[in-house]
Amino acid sequence: MRAALMTAFCEPLVVTDVPDPVLPDDGVVLEVLASGVCRSDWHGWQGHDPTIVLPHVAGHEMAGRIVEVGPEVRGHRVGDLVTVPFCCGCGRCAQCLAGQTQVCDDEVQPGFTQWGSFAELVALPHADVNLVALPEGSDPVEMAALGCRFMTAWAAIVEHGAVRPGEWVAVHGCGGLGLSLVMVAAAQGARVVAVDLDPSRLNVARSLGAEVMVEARPGAIRSDPAAAVVDATEGGVHVSVDAVGSARTAAASVLSLRKHGRHVQVGLMLDEDREAAMPMARVISYELTLVGVHGMSVQHYPALVAEVAAGRLDPGLLIGSRISLDQVPAELEAMTTFQQQGFSVITSF
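Every chain is numbered independently, its residues counted from 1 as its sequence is written. In keeping with the model being predicted, local features are shown solely for residues with a pLDDT of at least 70 and side-chain atom pairs are shown and tallied solely at 80 or more, while totals for entire chains, interfaces and linings include all residues. For the side-chain quantities, the full set of heavy atoms in the structure was used; hydrogens and water were omitted.

Visitor: Please provide a residue-by-residue account of the overall build of the protein chain, values included.
Guide: Scanning the protein chain from N- to C-terminus turns up twelve helices and 16 strands. Atoms considered for the radius of gyration are the C-alpha atoms alone. The globule rule reads 2.2 Å times the number of residues to the power 0.38. In terms of C-alpha radius of gyration, the protein chain reaches 20 Å, essentially the compact-globule figure of 20 Å for 349 residues. Relative accessibility under 20% of the residue-type maximum defines a buried residue, over 50% an exposed one, and the middle range a partly exposed one, all with a 1.4 Å probe and only protein chains included. Here the protein chain, with 349 residues, has 56% of them falling under the buried criterion. Approximately 14000 Å² of the protein chain is accessible, and the part contributed by carbon and sulfur atoms is 52%. His is not counted, nor are the chain ends, whereas Lys and Arg count as positive and Asp and Glu as negative. In this description, the location of a charge corresponds to atom NZ of lysine, CZ of arginine, CG of aspartate or CD of glutamate. Averaging the positions of the 21 positive and the 40 negative side-chain charges in the protein chain gives two centres separated by 9 Å. Helix and strand definitions here come from DSSP, where helices need a minimum of 4 consecutive H or I residues and strands a minimum of 2 consecutive E residues; each element is numbered from the N-terminal end. Residue burial considers only the protein chains on display, and all accessible areas are found by Shrake-Rupley using a 1.4 Å probe.

Right, here's the structure in full:
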């Protein structure tokens, strides 16, 4: 099969022929119909994920059709159209048995702990635990977009943030993940404040339902984003999400909250920000809740897929470009300078 092969961190991927994946007894092999190119893939390419062993094939946002089924699989057949969370559960540990597959003790992450979907084919273990059936007629490109950023946004807003209609929600960072958060929050009836350095991204956020835009770059009218959010919402938001992953944006998110507010951390904290200081005096005095998001349990996928199928959520609006497998090396390199607008999805292999 053809795949975009990583042979060294930070060096261009090589699109080449590699061996077909081996079918797991309890798993399936998918023909990949669409695969997102996510910033998490960029982090892996940069060497930020210690689970990656070279040579490696990245890619974890996927939709595909089953072409092989292992002998232990009971719930899926050849020809089924499916997607899968990027955190796959084992089905045996205490977390999986409680329905929390996203924090499995023995998780598998396609594109990280094993080869992923920057390829014509991908093998997925524990199929009966992890595969999500998609309605026939679904657009694989849109469904691939659910695989990481969009489903993480759903988990952040609906599951962890427990956003209610009429509440204020701040989204710090309006890349692909942030724009997903804006769309999901607006669909839940929230009033959304979008915060970003880039006015063009704020304009997209406005088109997706954001009510207030805060330009956070130095020298802007509202150069203190937390204060601007508090002023615009007359006391702070009920839920604030850091979709960037830095000490600065995480602190701004916490300081944007009103009393009894909920801070949700979805942006990855890396390097010097890994042990970031937090304004804990505010956390205590305001009785705030801080929660992290590590993907979404497979049990919550049907509700998300139903919202998309009903047209109440449209991940297709976030697709910035459809690319070929041969364009993946350049796409990852472009992420270094944040050149993307919306999701990039591989549609030709």
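Moving on from the coordinates now.
Visitor: Can you explain the nonpolar core? Please cite residues and give values.
Guide: Nonpolar side chains in soluble globular proteins generally cluster together in the buried interior. For our purposes a nonpolar core is just a set of buried Ala, Val, Leu, Ile, Met, Phe, Trp, Tyr and Cys residues, chained together by side-chain atoms within 4.5 Å. Core analysis: the biggest nonpolar cluster contains 57 residues, and Phe150, Ile157, Val169, Leu181, Val266, Leu304 and Leu313 have the highest contact counts within it. Of the residues forming this core, the biggest block, nine residues, is contributed by helix α5 (residues 146–160). Setting aside residues up to four positions removed in sequence, isoleucine 157 forms contacts with Ala162, Val163, Val169, Leu181, Val184, Ala185, Gln188 and Val241. With 38 residues, the next largest nonpolar core counts Val84, Cys88, Leu121 and Val328 among its residues. Any two residues whose heavy atoms approach within 4.5 Å at even a single point are treated as in contact.

Visitor: Any details on helix α7 (residues 199–207)? Residues and values, ideally.
Guide: Along α7, the positions that sit buried rather than exposed are Arg201, Leu202 and Ala205. With its buried residues spanning 100 degrees around the axis, α7 presents them on a single face. Buried residues along α7 sit against α6 (176–187), β10 (191–196) and β11 (210–215). Remark: glycine 209 follows α7 within two positions and exhibits a positive phi of approximately 120 degrees. The arc refers to the directions leading from the helix axis to the C-beta atoms.

Visitor: Now, about the sheet that holds strand β12 (residues 237–242): what can you tell me, with residues and values included?
Guide: One bridge is not enough; two strands pair if DSSP finds at least two bridges between them. An order of β11-β10-β9-β12-β13-β14 is seen for the six strands of this open sheet, with the pairing classed as parallel. Two strands bound the open sheet, and with one partner strand each, they are β11 and β14 (289–292). Averaged over neighbouring strand pairs, the angle between their axes works out to 20 degrees when direction is ignored. Axis definition: a line fitted to C-alpha atoms, over the contacting stretch in the case of helices. Angles run 0 to 180 degrees between N-to-C directions. Of the strands in this sheet, β9 (168–172), β10, β11 and β12 touch helix α8 (residues 225–232), which is tilted by about 150 degrees from β11.

Visitor: So what's going on with the packing of aromatic side chains? Residues and values would help.
Guide: Classification of ring pairs rests on two measures: the distance between centres of Phe, Tyr or Trp rings, Trp counted by its six-membered ring, which must be within 6.5 Å, and the angle between planes, read as stacked under 30 degrees, edge-to-face over 60 and tilted in between. This structure, assessed with the given rule, holds zero aromatic pairs. Whether a charge sits over a ring depends on NZ of Lys or CZ of Arg being within 6 Å of the ring centre and within 35 degrees of the ring normal. The ring of phenylalanine 343 is capped by arginine 149, whose NZ or CZ atom sits 4.0 Å from the centre of that ring.

Visitor: Break down the pairing of strand β3 (residues 28–37) for me, citing the residues and quoting the values.
Guide: Successive side chains on a regular strand alternate, one facing one side of the sheet and the next facing the other. The element β3 is largely enclosed, with a buried count of eight among its ten residues. In this structure, β3 lies alongside strand β7 (residues 121–124), joined through four bridges in antiparallel fashion. Its bridge partner lying in β7, valine 28 is registered against leucine 124. With three bridges joining them, β3 and strand β16 (residues 343–348) adopt antiparallel strand pairing. By the bridge assignment for β16, valine 37 is matched with serine 344.

Visitor: So what about the sheet that holds strand β2 (residues 14–17)? Which residues, and what values?
Guide: Taken together, the three strands give an open sheet; going across it, the order is β2-β1-β4, and neighbouring strands pair in antiparallel fashion. Both outer strands of the open sheet, β2 and β4 (56–57), are each paired with one neighbouring strand and no more. As defined by bridge partners, strand β1 (residues 2–6) adjoins β2 across four bridges and the pair is classed as antiparallel. Of the residues in β2, the one forming a bridge with leucine 5 is valine 14.

Visitor: Tell me what's going on with a nonpolar patch on the surface, and back it up with residues and numbers.
Guide: Together, Met280, Ile284 and Leu290 line one region of the surface with nonpolar side chains, adding up to about 290 Å² of accessible area. As for its placement among the helices and strands, methionine 280 is situated in helix α10 (residues 280–285). Overall, methionine 280 belongs to the partly exposed group, its relative accessible area being 42%. Patch membership is restricted to residues that have no salt bridge and whose relative accessible area is over 30%. Joining uses 9 Å for like charges and 5 Å for the nonpolar side chains Val, Leu, Ile, Met, Phe, Trp and Tyr. By definition, a salt bridge exists where a carboxyl oxygen of Asp or Glu is found within 4 Å of a side-chain nitrogen of Lys or Arg.

Visitor: Any details on α5? Residues and values, ideally.
Guide: For α5, with 15 residues, the first-to-last C-alpha span of 17 Å runs short of the 21 Å given by 1.5 Å per residue. Leu146, Gly147, Cys148, Arg149, Phe150, Met151, Thr152, Ala153, Trp154, Ala155, Ala156 and Ile157 are the residues of α5 that are buried. Once α5 finishes, alanine 162 follows within two positions and takes phi at roughly 45 degrees, a positive value. Expected span of a helix: the number of residues minus one, times 1.5 Å.

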